[in-house]
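Listed below, chain by chain, are the residues.
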Amino acid sequence: LGEVLPVSASHGQGIRDMMAQALAPLNLTDPDDDDANADDGIIKLAVAGHGAAKKEQVGRMVRTVLRLDEALALDESDAAAAALCHAFTARE
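Residues numbered from 1 in each chain as written. Predicted model: local features only at pLDDT ≥ 70, side-chain atom pairs only at ≥ 80, totals over all residues. Heavy atoms only, no water.

**Describing the overall build of the chain**
Counted only if it meets this: Strands here mean DSSP runs of E at least two residues long; helices mean DSSP runs of H or I at least four residues long; both are numbered from the N terminus. Between buried and exposed lies partly exposed: a residue is buried under 20% and exposed over 50% of the maximum accessible area for its type, with that area taken using a 1.4 Å probe on protein chains only. Should any heavy atoms of two residues lie within 4.5 Å, those residues are considered in contact. Only the protein chains shown count as covering a residue, and every accessible area follows the Shrake-Rupley method with a 1.4 Å probe.
Check the secondary structure of the chain and you find 4 helices and 0 strands. For the chain, the succession of helices and strands along the chain, N to C, is α-α-α-α. Expressed as a percentage of its 92 residues, the buried residues of the chain come to 24%. For the chain, contacts bridging at least 24 residues in sequence account for 33% of all contacts bridging at least 6. Of the roughly 6,600 Å² of accessible surface on the chain, a fraction of 53% belongs to carbon and sulfur atoms.

Okay, structure coming up:
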């Protein structure tokens, strides 16, 4: 199974290491892709749990996490997803 990592979501400990290990085998940084595409896969993975999630899935997760009554416009949802990804992975 690999190395055991101590992780605490409530304390924000070990999250960055866990994300780095989880993303490494997915090879999201294809040399033919630009950085935006790689970042998009990372954001989708952090917010929706799947690096190839559709925008609608990410939008639903953003709405759920933020407890919004109505769906956001796609651009707003993308921005919120990027912010959530940063919040989830930059706690250390």
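**A word on the side chain of Lys44**
To keep things clear, this is the line we draw: In protein, a polar contact means a hydrogen-donor-capable atom and an acceptor-capable atom, both N or O and within 3.5 Å, with residues adjacent in sequence counting only if both atoms are side-chain atoms; elsewhere, any N or O pair within 3.5 Å suffices.
Assignment of secondary structure puts Lys44 in helix α2 (residues 35-48). Engagement of the side chain of Lys44 in a polar contact is seen with the backbone oxygen of Ala53, the distance being 3.1 Å. When near neighbours in sequence (up to four residues on either side) are disregarded, Lys44 contacts Gly49, His50, Gly51, Ala52, Ala53 and Val58.

**Comments concerning the pattern of salt bridges**
As a reminder of what qualifies: Note on definitions: salt bridges are taken to be side-chain nitrogens of Lys or Arg within 4 Å of carboxyl oxygens of Asp or Glu.
One pass over the full model with this rule turns up 2 salt bridges. Asp40 serves as the salt-bridge partner of Lys44, at 3.4 Å between the closest nitrogen and oxygen. Note that Lys44 and Asp40 are positioned in helix α2 at a spacing of 4 residues, about one turn of the helix. Owing to a relative accessible area of 34%, Asp40 belongs among the partly exposed residues under this scheme.

**Some remarks on the packing of helix α3 (residues 55-65) against helix α4 (residues 74-89)**
In a pair of packed helices, the angle between the axes and the distance between the axes together describe the arrangement. Worth spelling out the cut-off: To get an axis, fit a line to the C-alpha atoms, keeping to the stretch in contact for a helix; angles then go from 0 to 180 degrees between the N-to-C directions. Throughout, a crossing is termed right-handed when the near helix is turned clockwise from the far one, and left-handed when it is turned anticlockwise from it by less than a right angle. Gly is put with the polar residues, along with every residue not named as nonpolar or charged; the nonpolar set is Ala, Val, Leu, Ile, Met, Phe, Trp, Tyr, Cys and Pro, and the charged set is Asp, Glu, Lys and Arg.
The geometry of α3 relative to α4 is characterised by a closest axis approach of 9 Å and an angle of 65° between their N-to-C directions. Remark: the crossing between α3 and α4 carries left-handed chirality. Listed contacts from α4 to Lys55, Val58, Gly59, Val62 and Val65 of α3 are Leu74, Ser77, Asp78, Ala80, Ala81, Leu84 and Phe88. Residues belonging to the contact of α3 with α4 are distributed by class as follows: 8 nonpolar, 2 polar and 2 charged.

**Observations regarding a nonpolar patch on the surface**
Rule in force here: Patch members must show over 30% relative accessible area and no salt bridge, and they are joined within 9 Å when carrying like charges or within 5 Å when they are nonpolar side chains of Val, Leu, Ile, Met, Phe, Trp or Tyr.
Taken together, Met61, Val65, Leu66 and Phe88 make up a surface patch of nonpolar side chains, about 290 Å² in accessible area. With respect to the helices and strands, the residue Leu66 is situated in the loop between α3 and α4. Using a relative accessible area of 38% as the deciding quantity, one classes Leu66 as partly exposed.

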